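Summary of the model geometry
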Amino acid sequence: MRKPVILITGANGEMGHGLIHGLSKEKNTDILALDLEPLSKDIKDNVLDGVQGDILDIKLLEMLNTEYEIRAIYHLAALLSTRAEFSPMIAHDVNVNGTLNLLKLAMEQAQSQGEKVKFFFPSSIAVYGINSIEEKEKAGAISETEYLSPQTMYGCNKLYCEQLGTYFSNHYQQLSATYSPGLLDFRSIRFPGLISAITMPTGGTSDFIPEMLHNAVQGKSYNSFVDADTAIPFMTMPDAIRAILELMNAPQKKLNRNVYHISAFAPTAGEFKTAIAPYFSNVNLGYDINGKRQKIVNSWPKDVNDTSARNDWNWSPKHNLKSALNEYLIPCVKEFYKKK
Ligand code: SER
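Not measured: the values here are computed from a predicted model.

Thresholds, definitions, all that
- Residues numbered from 1 in each chain as written.
- Predicted model: local features only at pLDDT ≥ 70, side-chain atom pairs only at ≥ 80, totals over all residues.
- Heavy atoms only, no water.
- Salt bridge = Lys/Arg side-chain N within 4 Å of Asp/Glu carboxyl O.
- Helix = DSSP H or I, 4+ residues; strand = E, 2+ residues; numbered from the N terminus.
- Buried < 20%, exposed > 50% of the residue type's maximum accessible area, 1.4 Å probe, protein only.
- Core = buried A, V, L, I, M, F, W, Y, C linked by side-chain atoms within 4.5 Å.
- Contact = heavy atoms within 4.5 Å.
- Near = heavy atom within 4 Å.
- Polar contact = N/O pair within 3.5 Å; in protein donor to acceptor, adjacent residues only side chain to side chain.
- Areas by Shrake-Rupley, 256 points an atom, 1.4 Å probe, with all protein chains shown as cover.
- Nonpolar A, V, L, I, M, F, W, Y, C, P; charged D, E, K, R; others polar.
- Disulfide = S-S within 2.5 Å.
- Pairing = 2+ DSSP bridges.
- Phe/Tyr/Trp six-rings, centres within 6.5 Å; stacked < 30°, edge-to-face > 60°.
- Lys NZ or Arg CZ within 6 Å of the ring centre and 35° of its normal.
- Axes fitted to C-alpha atoms, helices over the stretch in contact; angles between N-to-C directions.

**Focus: the pattern of salt bridges**
- Under the defined criterion, the tally for this structure stands at 11 salt bridges.
- For the salt bridge of Arg 190 with Glu 162, the shortest nitrogen-to-oxygen distance reads 2.7 Å. In this pair, Arg 190 sits in strand β7 (residues 184-191) while Glu 162 sits in helix α7 (residues 153-170), placing the two residues 28 residues apart along the sequence.
- Note on Arg 190: relative accessible area 4%, which makes it buried.
- Overall, Glu 162 belongs to the buried group, its relative accessible area being 3%.
- The salt bridge partner of Asp 306 is Arg 310, with a shortest N-O separation of 2.8 Å.
- A relative accessible area of 7% means that Asp 306 is categorised as buried.
- Bridged by salt links that share partners, the residues Asp 239, Arg 242 and Glu 246 form one connected network.

Structure (structure tokens):
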């Protein structure tokens, strides 16, 4: 008998940690966790099996296909935007070919189980590309269908994989005589920048905000690589995890799209600095602008209009900036570094 599980790739990452803790609280959920590195201690106890390996390793995926009955896949493994600019071909391999391998695995599982397999894919505001700061100001909170001209390899990868997932969900084998739509139930969220109190992102271009917070709490000086007026949307990691669980639990007939964007608050770097300063005794935060990374952040929208997510699956962020700081970020980040 194959073991029924849900598969999480990139399990050791920022989002993997939060999602494994969130999913392990749901009933009847055995998690199979996959990561390049050995599974970190704090999630080991929450999973049925941990596998160390690469999403590009076809033999490994074939082994998972024979040993497990995979009911849903949360495919989180990816190279983030700054890292991807330094190694664009590797990023393409991991972000696109890796995703294609997982989509294929999901469809093979659906065929053998005779039921749709749910697939969650975290996308990003990096799928958008706005050409000038004037245009960004004018555009304000954009909709899902505007400005889809990414300026980074990561953004291109995410946009294409959204489309692959949507294609496999809605049109795969459309010319075959035995065509029946829907081996896959593909759902995706374009996340804004994410802020966690207990983990730091690696290789992202929205990292200036989490880096400010984590350096401030440790009493370390930090210079933001974008200027004080720079704004993109952000959200706390717990809100992001809750969004994934809510979207994945929503009835399919309520969903009018495969891909949604969501938002919670959108401070400028300067506003964030001012907001966190009173919580720490000796804050030393400044700016040392990296023109190239600034240009990437400038191409991302100032905010997004998340009416579709609010209407279709009742999305609503728990935290605005003030409550995010008071109720989650500040107490948890202080606790986290006290324990270290
Ligand atoms: N946080 C991502 C990055 O900076 C964007 O979604 O790459």
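**With respect to the nonpolar core**
- With 108 residues, the main nonpolar core has Tyr 74, Phe 191, Phe 208 and Trp 313 as its most contacted residues.
- Counting residues per element, this core draws most heavily on helix α5 (residues 88-113), which supplies nine residues.
- Apart from the residues within four sequence positions on either side, Phe 208 is in contact with Tyr 222, Ser 224, Phe 225, Val 226, Ile 232, Phe 234, Ala 269 and Val 297.

**What about the site of the ligand?**
- Taken together, Leu 80, Ser 81, Ser 124, Tyr 154, Gly 204, Thr 205, Ser 206 and Trp 300 make up the full set of residues adjacent to the ligand.
- Thr 205 places a main-chain nitrogen or oxygen 2.6 Å from an oxygen atom of the ligand.
- Coverage of the ligand by the protein amounts to 92% of the 240 Å² it exposes when considered alone.
- Tallied by class, the residues present in the shell around the ligand amount to three nonpolar, five polar and no charged.

**Some thoughts on the state of the cysteines**
- Enumeration over the complete set of coordinates arrives at zero disulfides.
- Cys 161 forms no disulfide, and the closest cysteine sulfur to it belongs to Cys 156, at a distance of 11 Å.

**A word on the pairing of strand β2 (residues 31-35)**
- Counting buried positions over the five residues of β2 gives five, a clear majority of the element.
- By the alternation rule, side chains of β2 split into Ile 31, Ala 33 and Asp 35 and Leu 32 and Leu 34, which are all buried.
- Relative to β2, strand β1 (residues 3-9) runs parallel, the two being bridged by four bridges. Residue pairing in the sheet places Ile 6 in a bridge with Ile 31 of β2.
- As judged from the four bridges shared by β2 and strand β3 (residues 49-52), these two strands associate in the parallel manner. In the sheet register, Ala 33 faces β3, and the bridge partner there is Gly 50.

**So, the side chain of Gln 109**
- With respect to the secondary-structure elements, Gln 109 resides in helix α5.
- We classify Gln 109 as buried; its relative accessible area is 0%.
- Polar contacts involving the side chain of Gln 109 include one to the main-chain amide nitrogen of Ile 70, which spans 2.7 Å.
- Those residues in contact with Gln 109 that sit more than four places away from it in its chain are Arg 2, Leu 64, Asn 65, Tyr 68, Glu 69, Ile 70 and Val 117.

**Observations concerning the environment of Pro 238**
- Residue position: Pro 238 is located in helix α9 (residues 237-249).
- Classification of Pro 238 by relative accessible area gives partly exposed; the value is 37%.
- Spatially, the C-alpha atoms of Pro 238 and Asp 42 are 17 Å apart, while their sequence positions differ by 196 residues.

**Comments concerning the packing of aromatic side chains**
- With the rule as written, the count across this model stands at 12 aromatic pairs.
- Between Tyr 167 and Tyr 172, the aromatic rings sit 6.3 Å apart at their centres with planes inclined by 80 degrees, giving edge-to-face as the arrangement.
- On the basis of relative accessible area, Tyr 167 is assigned to the partly exposed category, the value being 34%.
- Taking 5.0 Å as the distance between ring centres and 70 degrees as the angle between the ring planes, the aromatic pair formed by Phe 168 and Tyr 172 counts as edge-to-face.
- These aromatic residues form a ring-pair network of at least three members: Tyr 74, Phe 120 and Phe 191.
- The aromatic ring of Phe 225 is capped on one face by Arg 293, whose charged end is 3.7 Å from the ring centroid.

**Points about helix α1 (residues 14-24)**
- Among the 11 residues in α1, eight count as buried, and that is most of the element.
- Regarding α1, the residues found buried are Glu 14, Met 15, Gly 16, His 17, Leu 19, Ile 20, Gly 22 and Leu 23.

**Some thoughts on the sheet that holds β1**
- On the basis of which strands lie adjacent, the open sheet formed by seven strands has the order β3-β2-β1-β4-β5-β7-β11 and parallel pairing. Among the strands making up the open sheet, the edge pair consists of β3 and β11 (259-261). Sheet twist, expressed as the average angle between the axes of neighbouring strands with direction ignored, equals 20 degrees.
- Together, β1, β2, β3 and β4 (68-75) form the strand contacts of helix α3 (residues 58-67), whose direction differs from that of β4 by roughly 130 degrees.
- This element, α5, spans β1, β4, β5 (117-124) and β7 of the sheet and lies at about 145 degrees to β4.

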